[in-house]
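What the coordinates show
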Amino acid sequence: MNFMKAIVAAGLVAASTSAFAADITGAGATFPFPIYSKWADAYKKETGNGLNYQSIGSGGGIKQIEAKTVTFGATDMPLKVEQLEKDGLIQWPMVMGAIVPVVNLEGVKPGELVFDGDTLANIYLGKITKWDDPAIKKLNPNVKLPADAITVVRRSDGSGTTFNFTDYLSKVSAEWKTKVGSGTAVEWPAGVGAKGNEGVSGNVGQTKNSIGYVEYAFAKQNKLIYAALINKAGKTVQPSVESFQAAASNADWAKAPGYYVILTDQPGEKSWPVTASTFILMHKEPADKAASAEAVKFFKWAFAKGGKMAEELDYIPMPGSVVKLIEKTWSADIKS
């Protein structure tokens, strides 16, 4: 059984045996799917309570929580305070991770290929179309690059991974910012679409000479060839817990209304440039108070006991000081 099938199975088992408890239903971001599935399985074994999480993309998660069809929504694009207030929602960061460029190039090892932000933007703008383009060769003088066309893979669904990736490209490329901008869905100048981190991972894995962007856990579990990046400080960095934590250390959660923090293109010599948080959305006045209370119990458990599991999948747990702030937010804002 491969990794993705295993975690889907874990999620479904957790969901199917929870009828006796208040059902916790969630939907949204594919970025945290591996860790939410791992937590759901462990929580089911420990408490007997299940979690049914649909990995449908951040855009879908926002729509479902607004429509009150799930107990919680999950998004990698945080909502601004005005929207939270308008929809009667609260939001908090659950875990942090990172987005990495992935390629399918014969003879290239993980972390061997290097991109800077401008070159990555120009590939996704459709301006760089071949692997032996001078801009890629200049960054990779010792890598044997084919003369083949680049197959660009991007998300087709409303995606927080896309929001963070395009936010990064907007910060490093004036042309990208002007022509495309950032969002959960954008008018892509180039590429073929795939659904979810799962879809992009599968497409890149099967397509020679392709490039895509996925959450790091998907790259590792699918044995994809990830690239290194040149960060804001001009240093070449590899994706690692250390480089993700370096970027995450810049977040000032206590001073961010609605915990609205974007972690792309952070300063620091060791910072990974496309680091991101993933957020939970819940109603302040839930229609199903019992299910809402169960969901908060699950999140409290995940903060208390899920840190090591998160690190095993190369996510970054939220710092203890931030967890305390979030628990105060729950007590103050969710009517149970």
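Here the structure is a predicted model, which is why all the values come from computation and not from measurement. (Residues numbered from 1 in each chain as written. Predicted model: local features only at pLDDT ≥ 70, side-chain atom pairs only at ≥ 80, totals over all residues. Heavy atoms only, no water.)

1. Focus on the packing of aromatic side chains
Scanning the model with the defined rule gives 24 aromatic pairs in all. For the pair Tyr36 and Trp39, a centre-to-centre distance of 5.9 Å together with 25 degrees between the ring planes defines the contact as stacked. Of the two residues, Tyr36 and Trp39 are both situated in helix α2 (residues 33-47); the distance of three residues between them amounts to about one turn of the helix. Residues Tyr36 and Trp39 agree in their burial class; the two are buried. Here the aromatic residues Phe33, Tyr36, Trp39, Tyr43, Tyr53, Phe72, Trp92, Phe298, Phe299, Trp301, Phe303 and Trp330 are joined through ring pairs into a cluster of three or more. (Phe/Tyr/Trp six-rings, centres within 6.5 Å; stacked < 30°, edge-to-face > 60°. Helix = DSSP H or I, 4+ residues; strand = E, 2+ residues; numbered from the N terminus. Buried < 20%, exposed > 50% of the residue type's maximum accessible area, 1.4 Å probe, protein only.)

2. So, the sheet that holds strand β10 (residues 228-230)
With respect to topology, three strands assemble into an open sheet ordered β5-β10-β11, the strand pairing being mixed. The sheet terminates laterally at β5 (114-115) and β11 (236-237), the two strands that pair on one side only. Bridging between β5 and β10 involves two bridges; their strand directions are parallel. Bridge pairing in β10 places Val114 opposite Ala228. (Pairing = 2+ DSSP bridges.)

3. Focus: the pattern of salt bridges
Scanning the entire structure with this criterion turns up 16 salt bridges. Ionic pairing is found between Lys208 and Glu106, a salt bridge with its closest N-O pair at 3.3 Å. A residue pair is termed long-range when its members are at least 10 positions apart, and Lys208 in the loop between α9 (196-206) and β8 (210-215) and Glu106 in the loop between β4 (89-103) and β5 qualify at 102 residues. Assigned by exposure class, Lys208 and Glu106 land together as exposed. Connected through shared salt-bridge partners, Lys38, Lys308 and Glu312 make up one network. (Salt bridge = Lys/Arg side-chain N within 4 Å of Asp/Glu carboxyl O.)

4. Description of the pairing of strand β3 (residues 72-75)
Burial along β3 is two-sided: Phe72 and Ala74 and Gly73 and Thr75, pointing in opposite directions, are all buried. Pairing between β3 and strand β12 (residues 275-283): three bridges, direction antiparallel. Its bridge partner being in β12, Ala74 is matched across the sheet by Ile280.

5. Re helix α5 (residues 117-124)
Counting buried positions over the eight residues of α5 gives seven, a clear majority of the element. All buried positions along α5 are accounted for by Gly117, Thr119, Leu120, Ala121, Asn122, Ile123 and Tyr124. Of the residues one or two after α5, Gly126 is the one with positive phi, at around 85 degrees.

6. Some thoughts on the packing of helix α12 (residues 289-305) against helix α14 (residues 320-333)
In the contact formed by α12 and α14, the axes pass within 11 Å of each other and the chain directions differ by 170 degrees. The angle between α12 and α14 falls in the class roughly antiparallel. In this structure, α12 contributes Val296, Phe299, Lys300 and Phe303 to the contact, and α14 contributes Val323, Ile326, Glu327 and Trp330. (Axes fitted to C-alpha atoms, helices over the stretch in contact; angles between N-to-C directions. Parallel < 35°, antiparallel > 145°, perpendicular 65-115°, else oblique. Contact = heavy atoms within 4.5 Å.)

7. Things to note about the pairing of β12
Most of β12 sits inside the fold, with nine of its nine residues counted as buried. Burial of β12 is two-sided: the residues Thr275, Ser277, Phe279, Leu281 and His283 facing one way and the residues Ala276, Thr278, Ile280 and Met282 facing the other way are all buried. One ladder, built from nine bridges, connects β4 with β12; its direction is antiparallel. Each residue of the ladder has a partner; that of Trp92, found in β12, is Ile280.

8. Some details on α9
Residues of α9 that are buried include every one of Gly196, Asn197, Val200, Ser201 and Val204, and no others. On its buried face, α9 is in contact with β4, β6 (151-155), α7 (160-172), β7 (192-194), β8 and α10 (216-221).

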